[in-house]
Amino acid sequence: MLKDITLGQYFPGETIVHRLDPRFKLILMMTYITSLFLASGIFAYIFMFVILVTCLAISKIKPRAVFKGLRPVFIIIIFTVVLNIFFIQGETILFEWRFIVITLEGIQQAGFMATRLMMLIISTFLLTYTTSPIALTDAIERMLGPLKKIRAPVHEFAMMMSIALRFIPTLIEETDKIISAQRSRGADFETGGIVKKAKAVLPIIVPLFISAFRRADELATAMESRCYHGGEGRTRMKVLKATPKDYFALLIGAAIVAVIIFLR
């Protein structure tokens with residue numbers, strides 16, 4: 001299960017999606033998410049699904065990687081579906097027993113919510129899959145640049161986000177190693193009640209926190225030894241420059257929002 005978490009991973013490539021300016025990719029992702037919340041009706045969701053599948057096909061991201069990333073959040077999706085089925089009231093009653101009422105409108109809303117949630121997560125995956133952490137950090141810093149006038153720590157904020165994304169796969173791998181080591185010592189994480197399972201997690205959390213703090217200390221020492229002093233006077237090897245294809249992609253994003261508003 002832990003190995004299925006692919007958030008924060010970057011799959012290098014030379015596709016059009018990979019070569020887009022990361023600033024425009026951030027804007028397009030936010031535009032897509034906004035369009036998802038504006039979408040209403042099956043035709044709008046089909047349109048948004050086709051757009052997402054097309055982007056995945058162009059970026060040459062394997063469907064297996066997407067499904068692996070979705071697997072850990074299936075519990076959240078199922079929980080959302082159940083809540084909508086039992087708590088959304090409607091006129092067309094399909095099942096009724098005591099206080100339990102299931103309506104056709106509730107099932108439809110549950111389907112829309114599950115679809116929206118999955119497409120939202122996949123669109124976020126698409127951004128991290130096709131954008132390196134360094135490029136994503138530069139994009140966030142450039143987009144938040146105006147906040148520097150009020151002395152906001154923009155560079156530090158972007159750096160923290162980049163490091164957090166970068167260390168997600170590392171911490172997942174470390175957790176998997178700790179679990180394997182504890183199991184080899186006879187630890188049982190599957191049997192017993194909730195209290196027993198909660199106690200069994202402690203031998204994982206404690207060494208994981210120690211390992212995370214050790215890695216953070218080593219990273220801080222490495223940055224200080226290289227005379228890192230934040231964003232002041234810092235130059236970049238690759239300067240972000242917008243190209244015509246970036247503006248064309250932005251135009252497509254605006255067209256998607258217009259179509260969704262029209263379908264409402």
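This write-up is about the structure you can find in this document. None of the values given here were measured: they were computed from a predicted structure.

The phi angle at Lys60 is positive, at roughly 60°, despite the residue not being glycine. Note on placement: Lys60 falls in the loop between α3 (42-59) and α4 (63-70). The backbone of Arg151 sits at a positive phi, close to 60°, despite the residue not being glycine. By the secondary structure assignment, Arg151 is in the loop between α7 (133-143) and α8 (154-184). By relative accessible area, which is 80% here, Arg151 ends up exposed.

Turn by turn, an α-helix covers 3.6 residues, leaving residues three or four places apart pointing in a common direction. Looking at α4, one finds that the buried residues are Ala65, Val66, Gly69 and Leu70. One side of α4 carries all its buried residues, which in axial view fall inside an arc of 135°. Across α4 from its buried face, at more than 90 degrees, point the exposed residues Pro63, Arg64 and Phe67. In the core, the buried residues of α4 are packed alongside α3, α5 (74-87) and α6 (104-130).

Assignment of secondary structure puts Ile134 in helix α7. Sequence-wise, Ile134 and Leu20 are 114 residues apart; in three dimensions their C-alpha atoms are separated by 14 Å.

The rules behind each value
Residues numbered from 1 in each chain as written. Predicted model: local features only at pLDDT ≥ 70, side-chain atom pairs only at ≥ 80, totals over all residues. Heavy atoms only, no water. Helix = DSSP H or I, 4+ residues; strand = E, 2+ residues; numbered from the N terminus. Buried < 20%, exposed > 50% of the residue type's maximum accessible area, 1.4 Å probe, protein only. Arc of directions from axis to C-beta. Contact = heavy atoms within 4.5 Å.

Honestly, that's just the spatial picture; any functional story needs more than this.
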